[in-house]
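# Topology and contacts: notes
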Amino acid sequence: ATRAALTKLTAPVLLYAGDLDPIATPAVVREAAPLFNDATVVVQPQAAHFPWVDDPAAFAAAIGSLPG
């Protein structure tokens, strides 16, 4: 039911991962992207589970560069 509901979501979705994250790995995040109609995947280099803590400037730049 959750997967079906996600495919009906029309809003753009950002899936963000740190490339060193052992929990929400970049592979898992990329695997989830097709569940959404409009998903963007961003992987922050040298960041773990809290990329905004690991490199706040890189995180802000990545988020700030997205359309909309």
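The following refers to the structure shown. (Residues numbered from 1 in each chain as written. Predicted model: local features only at pLDDT ≥ 70, side-chain atom pairs only at ≥ 80, totals over all residues. Heavy atoms only, no water.)

### Observations concerning the environment of Ala 62
With respect to the element layout, Ala 62 can be found in helix H4 (residues 56-64). Assessed through its relative accessible area of 18%, Ala 62 is described here as buried. With 20 residues separating them along the chain, Ala 62 and Val 42 place their C-alpha atoms 7.8 Å apart. Once residues within four sequence positions are removed from consideration, Ala 62 is found in contact with Tyr 16 and Val 42. (Helix = DSSP H or I, 4+ residues; strand = E, 2+ residues; numbered from the N terminus. Buried < 20%, exposed > 50% of the residue type's maximum accessible area, 1.4 Å probe, protein only. Contact = heavy atoms within 4.5 Å.)

### Here's the deal with the pairing of strand S1 (residues 13-18)
Of all six residues in S1, five are buried; the element is thus mostly enclosed. Here S1 pairs with strand S2 (residues 39-44) via six bridges, running parallel. Paired with Ala 17 across the bridge in S2 is Val 43. For the crossover from S1 across helix H2 (residues 26-32) to S2, the handedness is right-handed. (Pairing = 2+ DSSP bridges. Right-handed = clockwise from strand over helix to strand, strands pointing away.)

### Description of the nonpolar core
Val 13, Leu 15, Ala 17, Val 29, Ala 33 and Phe 36 form the largest nonpolar core, which has six residues in total. Those residues in contact with Phe 36, other than ones at most four positions away along the chain, are Leu 6, Leu 9, Val 13 and Leu 15. (Core = buried A, V, L, I, M, F, W, Y, C linked by side-chain atoms within 4.5 Å.)

### Quick word on the side chain of Gln 44
Structurally, Gln 44 is set in strand S2. Overall, Gln 44 belongs to the buried group, its relative accessible area being 2%. Of note is the side chain of Gln 44, whose polar atom sits 2.6 Å from the side chain of Tyr 16. Discounting chain neighbours no more than four positions away, the residues touching Gln 44 are Tyr 16, Ala 17, Gly 18, Asp 19, Pro 51, Asp 55, Ala 58 and Phe 59. (Polar contact = N/O pair within 3.5 Å; in protein donor to acceptor, adjacent residues only side chain to side chain.)

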